[in-house]
Amino acid sequence: MKKSLLLGLFAMALSSSAFAFHCPADMKKIDDAMAKNPMLTAEQMAEVKKLRADGEAMHKAGKHQESVDTLAKAMKILKIDM
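Since the structure is predicted, the reported quantities are computational estimates derived from the model, not experimental observations.

1. Thoughts on the side chain of Ser67
For step 1, the next point in the chain: Turning to its location among the elements, Ser67 is positioned in helix H4 (residues 64-77).
For step 2, the next point in the chain: Engagement of the side chain of Ser67 in a polar contact is seen with the backbone oxygen of Gly55, the distance being 2.7 Å.
For step 3, the next point in the chain: Residues within four places of Ser67 in sequence aside, it is in contact with Cys23, Gly55, Met58 and His59.

2. Here we look at the nonpolar core
For step 1, the next point in the chain: Ile30, Val48, Leu78 and Ile80 are the most contacted members of the largest nonpolar core, which totals 13 residues.
For step 2, the next point in the chain: Of all the secondary structure elements, the ones that give two or more residues to this core are helix H2 (23-35), helix H3 (42-60) and H4.
For step 3, the next point in the chain: In terms of residue count, the dominant contributor to this core is H2 (five residues).
For step 4, the next point in the chain: Apart from residues lying up to four places away in sequence, Leu78 is in contact with Ile30, Ala33, Met34, Pro38, Leu40 and Val48.

3. Structural notes on the side chain of Asp26
For step 1, the next point in the chain: By the element assignment, Asp26 lies in helix H2.
For step 2, the next point in the chain: Within the buried set, Asp26 has no salt-bridge partner at all; the shortest N-O distance to an opposite charge, 4.4 Å, is to Lys29.
For step 3, the next point in the chain: Not counting residues within four places of it along the chain, the set of residues in contact with Asp26 comprises Val68, Leu71 and Met75.

4. With respect to unusual backbone geometry
For step 1, the next point in the chain: The backbone of Asn37 shows a phi angle near 50°, a positive value even though the residue is not glycine.
For step 2, the next point in the chain: By the element assignment, Asn37 lies in the loop between H2 and H3.
For step 3, the next point in the chain: The class of Asn37 is exposed, set by a relative accessible area of 63%.
For step 4, the next point in the chain: The backbone phi angle of Lys79 is positive, close to 60°, even though this residue is not glycine.
For step 5, the next point in the chain: Inspection of the secondary structure assignment puts Lys79 in the segment after H4.

5. Details of the packing of H2 against H4
For step 1, the next point in the chain: One way to put it is that H2 packs onto H4 with a least axis distance of 10 Å and a crossing angle of 20°. It follows that H2 is roughly parallel to H4 by the angle criterion. Once H2 is placed against H4, the crossing between them reads as left-handed. Of H4, the residues touching H2 (which contributes Cys23, Asp26, Met27, Lys29 and Ile30) are His64, Ser67, Val68, Leu71, Ala74 and Met75.
For step 2, the next point in the chain: Looking at the contact of H2 with H4 residue by residue, the classes come out as seven nonpolar, two polar and two charged.

Reading the values: the criteria
- Residues numbered from 1 in each chain as written.
- Predicted model: local features only at pLDDT ≥ 70, side-chain atom pairs only at ≥ 80, totals over all residues.
- Heavy atoms only, no water.
- Helix = DSSP H or I, 4+ residues; strand = E, 2+ residues; numbered from the N terminus.
- Polar contact = N/O pair within 3.5 Å; in protein donor to acceptor, adjacent residues only side chain to side chain.
- Contact = heavy atoms within 4.5 Å.
- Core = buried A, V, L, I, M, F, W, Y, C linked by side-chain atoms within 4.5 Å.
- Buried < 20%, exposed > 50% of the residue type's maximum accessible area, 1.4 Å probe, protein only.
- Lys, Arg positive; Asp, Glu negative; His and termini not counted.
- Salt bridge = Lys/Arg side-chain N within 4 Å of Asp/Glu carboxyl O.
- Axes fitted to C-alpha atoms, helices over the stretch in contact; angles between N-to-C directions.
- Parallel < 35°, antiparallel > 145°, perpendicular 65-115°, else oblique.
- Left-handed = near helix turned anticlockwise from the far one by under 90°.
- Nonpolar A, V, L, I, M, F, W, Y, C, P; charged D, E, K, R; others polar.

Below, the structure written as structure tokens:
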């Protein structure tokens, strides 16, 4: 009984963390929008590229909430629905 309960809790913990953050999906949205040559100023373009790179670095470092927040700033500049 304990073993199946622990196994179930472990599976829930893994699945919730896997779905909790969507950094890779946000990065793809940004990349797709950038590939369409959006009408941005040079400053906006530089900011989006910096935020995208920072978001990916944070994701790789395991700082997923910070990554999501950073990528959201880039998506806002690009006017991507979140």
